[in-house]
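Working through the structure, step by step
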Amino acid sequence: MRQLALFMALLASVAMPASAELITVKSSKPVAETMDALEAAVGNAGATVFARVDHQAGAAGVDLQMPAAQVLIFGNPKLGTPAMNADIRASLYLPLKVAVHEADGGSVLVYEDPADMFGELNIPEDAPFVKTMQGALGKLTGAAAK
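Residues numbered from 1 in each chain as written. Predicted model: local features only at pLDDT ≥ 70, side-chain atom pairs only at ≥ 80, totals over all residues. Heavy atoms only, no water.

The subject of this paragraph is the packing of aromatic side chains. Describing an aromatic ring pair means giving the distance of the ring centres and the angle of the ring planes. Counted by the stated rule, this structure contains one aromatic pair. Aromatic pair Tyr-93 and Phe-118: ring centres 6.4 Å apart, planes at 80°, arrangement edge-to-face. A residue pair is termed long-range when its members are at least 10 positions apart, and Tyr-93 in the loop between helix H4 (77–86) and strand E4 (96–103) and Phe-118 in the loop between helix H5 (114–117) and helix H6 (128–145) qualify at 25 residues. Classification of Phe-118 by relative accessible area gives buried; the value is 1%. (Phe/Tyr/Trp six-rings, centres within 6.5 Å; stacked < 30°, edge-to-face > 60°. Helix = DSSP H or I, 4+ residues; strand = E, 2+ residues; numbered from the N terminus. Buried < 20%, exposed > 50% of the residue type's maximum accessible area, 1.4 Å probe, protein only.)

And the structure:
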């Protein structure tokens, strides 16, 4: 069990550096409705939804409780492939992820700025695909929050 805990701690430290900037977008809608809107926006943008993780349902499945929280995992090979070709370690951060959790009077969408996400890699912050990912995440989360 201790080895599993150490592995999970290591994985968490690799998956998101402590200095990563998290972008938050407020929504007046509940988590499920916000996530439905995000999933629709991703599909309308031509990206692929790979998974929708419902953490609250997972907790309920083992008789635990937690506030509503979901994560959408999605991507577009036209953006992700150049990032991974620049530095294959980008595959640790891709596909992209947006979390949605309960907040006062609605929910909050949260995602990591791709420039920060790739900050420790051999990917220039001004790479065109980084800027495109930043713009896409801003537009998608903005649409979901409306």
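Structure shown, so let's carry the discussion forward.
Our next topic: the sheet that holds strand E3 (residues 69–75). Hydrogen bonds along the backbone pair up the strands of a sheet, which may run parallel or antiparallel. Ordered by their spatial adjacency, five strands build an open sheet running E1-E5-E4-E3-E2, and the pairing between neighbours is antiparallel. On the outer flanks of this sheet lie strand E1 (22–27) and strand E2 (48–54), each paired with one strand and no other. For this sheet, the mean inter-axis angle between neighbouring strands, taken without regard to orientation, is 20°. Two elements, E4 and strand E5 (residues 106–112), share five bridges in a ladder whose sense is antiparallel. The partner of Ala-103 across the bridge, within E5, is Gly-106. Against the sheet, helix H2 (residues 31–44) makes contact with E1, E2, E3, E4 and E5, and its axis sits at roughly 5° relative to E3, the strand it touches most. (Pairing = 2+ DSSP bridges. Axes fitted to C-alpha atoms, helices over the stretch in contact; angles between N-to-C directions. Contact = heavy atoms within 4.5 Å.)

Contact geometry of H4 with H6 gives a least axis separation of 9 Å together with a crossing angle of 140°. Looking at the two axes, H4 sits oblique to H6. H4 and H6 meet at a crossing whose hand is left-handed. For the pair H4 and H6, the contacting residues are Leu-79, Gly-80, Pro-82, Ala-83 and Ala-86 in the first and Phe-129, Thr-132 and Met-133 in the second. Each residue belonging to the contact of H4 with H6 can be placed in one class, and the counts come to six nonpolar, two polar and no charged. (Parallel < 35°, antiparallel > 145°, perpendicular 65-115°, else oblique. Left-handed = near helix turned anticlockwise from the far one by under 90°. Nonpolar A, V, L, I, M, F, W, Y, C, P; charged D, E, K, R; others polar.)

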